[in-house]
Amino acid sequence: MPKLLRRCRWNSATFLATLAAAVALVIGASLVLANSAVGGAQAANSASAKAVSASTATSGIAPAMSCSGVAQLDLAAAVPGVPFEIGSATELAASANTLGNWAACDVKGVIAPQLHFEIKLPETGWQADYLQLGCGGLCGSTNVTSAPASAGCIPLTTGAFAVASSDEGHYQGGGLFSTDPTLSADFGYKSDHELVQAAKEIIKQYYGQAATRSYFDGCSQGGHQALTEAQRYPTDFDGIVAGAPANSFTALNTFSHAWTAQSVYLNGGPATITNADLADLHKAVLKGCGAPADGIIADPLSCTWDPGTSQCAAGQTSTSDDYCLTADQVTTLRRIYAGPTDDHGQLLYPGYQLRGSELNWAGIITPATATGASGDISFVRETLRYQIFDSPQPALTYKDIKFTAAYYDKVMRSNEGMYDATDPDLTAFKKAGGKIVLWHGLGDQHIPAVGTMAYYKAVEKAVGGEAATESFARLFLLPGVAHCGGGQGPNTFDALTAITDWVIKGDAPASLTTKSVDSGGNTTASRPVYPFPYYAKNTTGGPDTDASSYTPVKSTAEAKLKLNWLGSFRSGYETVGNWVGRQWVVTKGKN
């Protein structure tokens, strides 16, 4: 039976101190994170560690220069092909650092033409590790305030990582930047590769030595960034955490969001389902899916509940005690659970909403009132107006999306190569020694988890099967969890622990422990999640709120998942853009 991950812990070499004087020691520059038994000092992982003085033995690798000196560095030509400048370098007090209790040199700069970045360089505690964070939505701002899926990872809170992020090349959150081809390329695939090169150079200057290991952690668009790196630049990072990846970006922001919007606003009319309907609808779904007492559907892909079974009888009025659906509501729900399809039943996006996600729809799929606007409408608007056509189309709305093979080809052919991260061939990443943990909430209201399942199965096919894939990549699905967190299931966990332990010790995560934590920081429930296609089932009769009550069970629905999809997960679709003279030229290729 797969073992549970224990909490992240720090395991440096033991040091001795006397009352008379401090004794110089040698310590490792490694993170030791738990998902296996702790076995001795990590000398093997400290090959690049160096003797340090007693004053720095307990605080990691000390800076080789002042923070103010970083601002004076001229590194414009330090990285061939990545011209960048440092704009400022200021002291950040430990009390003001949201990542943990460590003071930092907070460096801000720009990579040409306008890729803004920020990097926090620990003044104490650095262990020669680098962590790059992704952003969300269409980005437009840096994110060095929190790391996704890292709850309880002590090295992050003690300054073991130098941490960086960028705005992906633009400084506003809408899609307007995509009217410029350079900025589109930065957002689509280039920005993270450029940032890791610039950040590593700054790290080398500040500490007088290079980072020895590099990690990436992101969710949503950050998950897209994570997969882009694994696919296009397989040697940039040793370990990657990709949460709820928006990797099928083009189809997601056109066909998927437009489909749910057109389904809720049938025939362009008022919303058939609003936020007020969701609680009663969710109860009906739980009953129809045979959910356990805790109200969490552990294997929603296997549930085929039909909304038509809850349709109101002639003359019946729906109440909370006797809930039923109108004919239009049945149509809406059937469409949402089926996903965007053409007249032949072929999906135009590799996914659909899973049953049990209903409570998470508020404000995204459903509006507050029948005449209000949903989040899906705005998601489609930005992409449709500015990202998928050669010139801005400000008059277009979600109503203009056509669910046909011809329209699909029109949208995808000219955009997927720049914006998508769907290449399943991670052979180069695997060969480079890279490890990747993917995770996705099964109650995700933004990006259906089915698409990540389908992508993972495509990776298995591309790299040689389940065993070959599990040796470097694993997918964890979190029941009841909404987009990048929240929802009804335990949603607090530490994937950063898993990936660093895998990279450092070669110990692949057999499970992750997820928790529900109240406002006071108290754990109210815990549950293991196992690698796809296994899910946690209470087979012991113990409390549903206790992780020890669960054992892994294989999901037949997940293992046999097949999509009738117009697209495909394949290699060779990627494009790159470059200025040749004064003309923007797009060619085939990954980088």
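In the block above lies the structure referred to throughout.
Let me sum up the structure you'll find in this document. (Residues numbered from 1 in each chain as written. Predicted model: local features only at pLDDT ≥ 70, side-chain atom pairs only at ≥ 80, totals over all residues. Heavy atoms only, no water.)

Quick word on helix H8 (residues 327–338)
Working step 1: In this model H8 runs 17 Å from its N-terminal to its C-terminal C-alpha over twelve residues, within 8% of the 16 Å that 1.5 Å per residue would give.
Working step 2: Among all positions in H8, only Gln329, Val330, Thr332, Leu333, Ile336 and Tyr337 are buried. Along H8, the residues classed as buried sweep out an arc of 160° about the axis, all on the same side.
Working step 3: Looking at the buried side of H8, the elements it contacts are helix H6 (249–264) and helix H7 (278–289).
Working step 4: Count one or two residues on from H8 and you reach Gly339, which has phi positive near 85°. (Helix = DSSP H or I, 4+ residues; strand = E, 2+ residues; numbered from the N terminus. Expected span 1.5 Å × (residues − 1). Buried < 20%, exposed > 50% of the residue type's maximum accessible area, 1.4 Å probe, protein only. Arc of directions from axis to C-beta. Contact = heavy atoms within 4.5 Å.)

Focus on the nonpolar core
Working step 1: By size, the foremost hydrophobic cluster in this structure holds 108 residues, and its most contacted members are Leu121 and Tyr130.
Working step 2: By residue number, the principal contributor to this core is helix H13 (residues 449–463), which donates nine residues.
Working step 3: Sequence-distant contacts of Leu121, that is, excluding residues within four places in its chain, are made with Trp102, Ala103, Ala104, Cys105, Val107, Ala162, Ile202, Ile203, Tyr206 and Tyr207.
Working step 4: Core analysis: the second largest hydrophobic core is formed by 33 residues, Val144, Ala149, Cys219 and Val437 among them. (Core = buried A, V, L, I, M, F, W, Y, C linked by side-chain atoms within 4.5 Å.)

So, the packing of aromatic side chains
Remark: the centre distance and the inter-plane angle together describe each pair of aromatic rings, the angle taken between the planes.
Working step 1: With the rule as written, the count across this model stands at 22 aromatic pairs.
Working step 2: Plain terms: the ring middles of Phe216 and Phe237 are 5.5 Å apart, the flat faces sit at 70° to each other, and that makes the pair edge-to-face. One end of the pair, Phe216, is in strand E8 (residues 213–219); the other, Phe237, is in the loop between helix H5 (221–232) and strand E9 (239–243), and 21 residues separate them in sequence.
Working step 3: Ring plane angle 50° and centroid distance 6.1 Å describe the contact between Tyr265 and Tyr398, whose orientation is recorded as tilted. Of this pair, Tyr265 sits in the loop between H6 and H7 while Tyr398 sits in the loop between helix H9 (375–386) and helix H10 (405–413), and the two are 133 residues apart along the sequence. The two residues Tyr265 and Tyr398 agree in class, both being buried.
Working step 4: Through a chain of ring-to-ring contacts, the aromatic side chains of Phe255, Trp259, Phe403, Tyr407 and Tyr408 assemble into a single cluster. (Phe/Tyr/Trp six-rings, centres within 6.5 Å; stacked < 30°, edge-to-face > 60°.)

Thoughts on the pattern of salt bridges
Once the charged atoms of two side chains with opposite charge are near each other, the side chains can pair.
Working step 1: On inspection of all chains with the given rule, the structure shows nine salt bridges.
Working step 2: One salt bridge in this structure joins Asp294 and Arg527, with 2.6 Å as the shortest N-O distance. Remark: Arg527 occurs in strand E13 (residues 523–529) and Asp294 occurs in the loop between H7 and H8; sequence separation between them is 233 residues.
Working step 3: Close ionic contact of Arg413 with Asp409 constitutes a salt bridge, the shortest N to O distance being 2.2 Å. Linking Arg413 with Asp409, this pair stays in helix H10, spanning four residues, or about one helical turn.
Working step 4: By relative accessible area, Arg413 is classed as exposed at 64%.
Working step 5: Judged by its relative accessible area of 33%, Asp409 is partly exposed. (Salt bridge = Lys/Arg side-chain N within 4 Å of Asp/Glu carboxyl O.)

Topic: the state of the cysteines
Working step 1: Within this structure, the stated rule accounts for five disulfides.
Working step 2: Disulfide pairing is shown between Cys135 and Cys139; the S-S distance is 2.3 Å. One disulfide, between Cys135 and Cys139, carries an S-S torsion of -125° and so falls in the left-handed class.
Working step 3: Residue classification places Cys139 among the buried residues on the basis of a relative accessible area of 9%.
Working step 4: Each disulfide pairs two cysteine sulfurs, and for Cys289 the partner residue is Cys303, the sulfurs being separated by 1.9 Å. Between Cys289 and Cys303, the disulfide has an S-S torsion of -80° and is therefore left-handed. Remark: Cys303 occurs in the loop between H7 and H8 and Cys289 occurs in helix H7; sequence separation between them is 14 residues.
Working step 5: Classification of Cys303 as buried rests on a relative accessible area of 10%.
Working step 6: The cystine pairing of the chain, numbering bonded cysteines in sequence order, is 1-2, 3-4, 5-10, 6-7, 8-9. (Disulfide = S-S within 2.5 Å.)

Topic: the environment of Asp501
Working step 1: Examined against the element boundaries, Asp501 turns out to sit in helix H15 (residues 495–505).
Working step 2: Under the relative-accessibility criterion, Asp501 is labelled buried at 0%.
Working step 3: Residues Asp501 and Asp425 lie 76 residues apart in sequence; the distance between their C-alpha atoms is 24 Å.

Quick notes on the pairing of strand E10 (residues 435–441)
Working step 1: Counting buried positions along E10 gives seven out of seven residues, so the element sits mostly inside the fold.
Working step 2: Going residue by residue along E10, you find Lys435, Val437, Trp439 and Gly441 tucked away on one face and Ile436, Leu438 and His440 tucked away on the opposite face as well.
Working step 3: As defined by bridge partners, E10 adjoins strand E11 (residues 473–478) across six bridges and the pair is classed as parallel. Among the inter-strand pairings, Leu438 is bridged to a residue of E11, identified as Leu475. (Pairing = 2+ DSSP bridges.)

Here's the deal with unusual backbone geometry
Working step 1: Along the chain, Ala112 connects to Pro113 via a cis peptide bond; the corresponding omega equals 0°.
Working step 2: For Pro113, the position within the fold is in the loop between strand E4 (104–111) and strand E5 (115–122).
Working step 3: The omega torsion across Phe532 and Pro533 is 10°, close enough to zero to call that bond cis.
Working step 4: Among the structural elements, Pro533 can be located in the loop between E13 and strand E14 (534–538).
Working step 5: For Cys139, which is not glycine, the phi dihedral falls at a positive 65°.
Working step 6: Looking at the secondary structure, you find Cys139 in the loop between strand E6 (129–133) and helix H3 (154–157).
Working step 7: Positive phi, normally seen in glycine, also occurs at Ser220, with a value near 70°.

Remarks on the side chain of Gln221
Working step 1: When you line up the elements, Gln221 lands in helix H5.
Working step 2: Side-chain polar atoms of Gln221 contact the side chain of Glu168, separated by 2.9 Å.
Working step 3: For Gln221, the contacting residues outside a window of four places in its chain are Cys135, Gly136, Gly137, Glu168, Phe187, Ala246 and Phe249. (Polar contact = N/O pair within 3.5 Å; in protein donor to acceptor, adjacent residues only side chain to side chain.)

As far as function goes, none of this settles anything; it's purely spatial.
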